[in-house]
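# Fold and geometry: a report
The primary structure of each chain is shown beneath.
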Amino acid sequence: MDGTSGTSGTSGLNEISGMRVVPDQGEWRGGFEERVLAGYRAAGCSEPLSRALLERALKGVDGWTVATDGAGWIAVGVSEDNGATVGRIHDLTAAGPDAATAARTWAERWCAERGAGRVEVRLTGGAGAEAGAEAGAEPGPAATATATATATGTSTAGPFAGYPVRGQNRLRAAAEHPALPPGLTVRPLTAEEYPGWYAGEEAAYVADIVRAGALTPEQAKAKSDEDFARHLPQGYATPGHAFYALEADGQVVGTGWVNHGYLPGVTFGFSLEVYEEHRGKGYGRAAMSVGEWAARQGGDGALMFNVFGGNEVAMSLYDRTGFAVLDEFRSLPL
């Protein structure tokens, strides 16, 4: 199930909050798309990249329920995710903090009525850029329910400040000629090394998901199996993907996995890992340089990756190396 546009069960909520479900998305949708684009542009995205991200943000939009209190908008939906019913707040704009809180409460109750066990929100925008759910509120006094994704890895998330951070997408333009740090070399991961690497990556991915707090270990394992099968259908030989070993003093100190052309002009770094026994030696920052180098090797101009909530060490590193927050994902159990 990918959202619902039905109004059953909303009459009581409408009376409490003053929200009114609208039968036609037309009036809301144009402003929503502009807010999404503004958030991505503020994060430093090119126009082709901003529009590609907008297309992803609009997935399932025809099934969303849109409501208004006459001054702001809220868009919500529910879907199945790894066997669980999840509510999503896709957009929230409001005339002030009280109205924003009321709209968020309406959305949470709407999702709960449809069986959602948790509600998720994506806050979109770069350092210092104001954004609401997806791309937030338009600038000006009538749009104070905003969420600012900052370069410090935290958010002034407005009505969603109480939602724990589950993950972030980060983005930075790659240096024109990224140089590898002295003493560090990079080589392709071999086909013989791939099975051991894969097992380690999968275990680490499951652990990261569980630590972020959104899924149980069983749900995390199911998500991992699904994601790896989708991204690497041909394993080591999957087109567009490259795997690297990072070496120092004759030892493998880490690995990298990237997907060239993931989005227009963007290489996605699925993994830039420094082994635990080699951390604290400056290799983490070096791994970021390897990611930039890999992006340029693949003909892309920017590097993007995801970091899970709870990984403050990694977020701090990404702040210091200039990777802006592109999207921040938050969720709350209902």
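Scroll up a little and you will see the structure.
Because the structure is a prediction, the values reported are computed rather than measured. Within each chain, residues carry numbers counting from 1 in the order of the written sequence. Note on the predicted model: pLDDT of at least 70 is required for a residue's local features to be given, and 80 or more for side-chain atom pairs to be given and counted; whole-chain, interface and lining totals, by contrast, use all residues. Water and hydrogen atoms were dropped before computing side-chain values, which therefore reflect all heavy atoms in the structure.

Only strands joined by at least two bridges in the DSSP assignment are considered to pair. A run of DSSP states H or I qualifies as a helix once it reaches four residues; a run of E qualifies as a strand once it reaches two. Both are numbered from the N-terminal end. Here we have twelve strands laid out as an open sheet, ordered S1-S2-S3-S4-S5-S15-S9-S14-S13-S12-S11-S10, and mixed in their pairing. A strand with exactly one partner marks an edge of an open sheet, and here the two such strands are strand S1 (20-21) and strand S10 (184-188). Relative to strand S5 (residues 118-124), strand S4 (residues 84-93) runs parallel, the two being bridged by four bridges. Counterpart to Val 86 in the pairing with S5 is Arg 118. Note on contacts: a residue pair is in contact if any heavy atoms of the two residues lie within 4.5 Å. All axes are obtained by fitting lines to C-alpha atoms, using only the stretch in contact for helices, and the reported angles, taken between N-to-C directions, cover 0 to 180 degrees. Strands strand S2 (65-68), strand S3 (73-81), S4, S5 and strand S15 (324-333) of the sheet are contacted by helix H2 (residues 26-42), whose axis makes an angle of about 90° with S4.

Turning next to the pairing of S4. Per-residue accessibility, obtained with a 1.4 Å probe over protein chains only, is compared with the maximum for each type, and a residue is labelled buried under 20%, exposed over 50%, and partly exposed between these values. With nine of ten residues buried, S4 is to be regarded as a mostly interior element. Strand direction decides the pairing type here: S3 and S4, joined by nine bridges, are antiparallel. Bridge assignment links Ala 75 to a residue of S4, and that residue is Asp 91. Here S3 folds back onto S4 in antiparallel fashion, the turn holding two residues, of which Asn 82 has a positive phi close to 50°. Here a crossover is taken to be right-handed if, once the strands point away from the viewer, the path from the first strand over the helix to the second is traced clockwise. Read as a crossover between parallel neighbours, the route from S4 over helix H4 (residues 97-113) to S5 is right-handed.

Moving on, we get to the pattern of salt bridges. When a carboxyl oxygen of Asp or Glu is within 4 Å of a side-chain nitrogen of Lys or Arg, the pair counts as a salt bridge. The tally for this structure, following the rule as stated, stands at 22 salt bridges. Note that Asp 81 and Arg 118 form a salt bridge whose closest N and O atoms lie 3.4 Å from each other. Taken together, the positions of Asp 81 in strand S3 and Arg 118 in strand S5 put the pair 37 residues apart, joining distant regions of the chain. Like Arg 118, Asp 81 is buried.

By themselves these figures say nothing about function.
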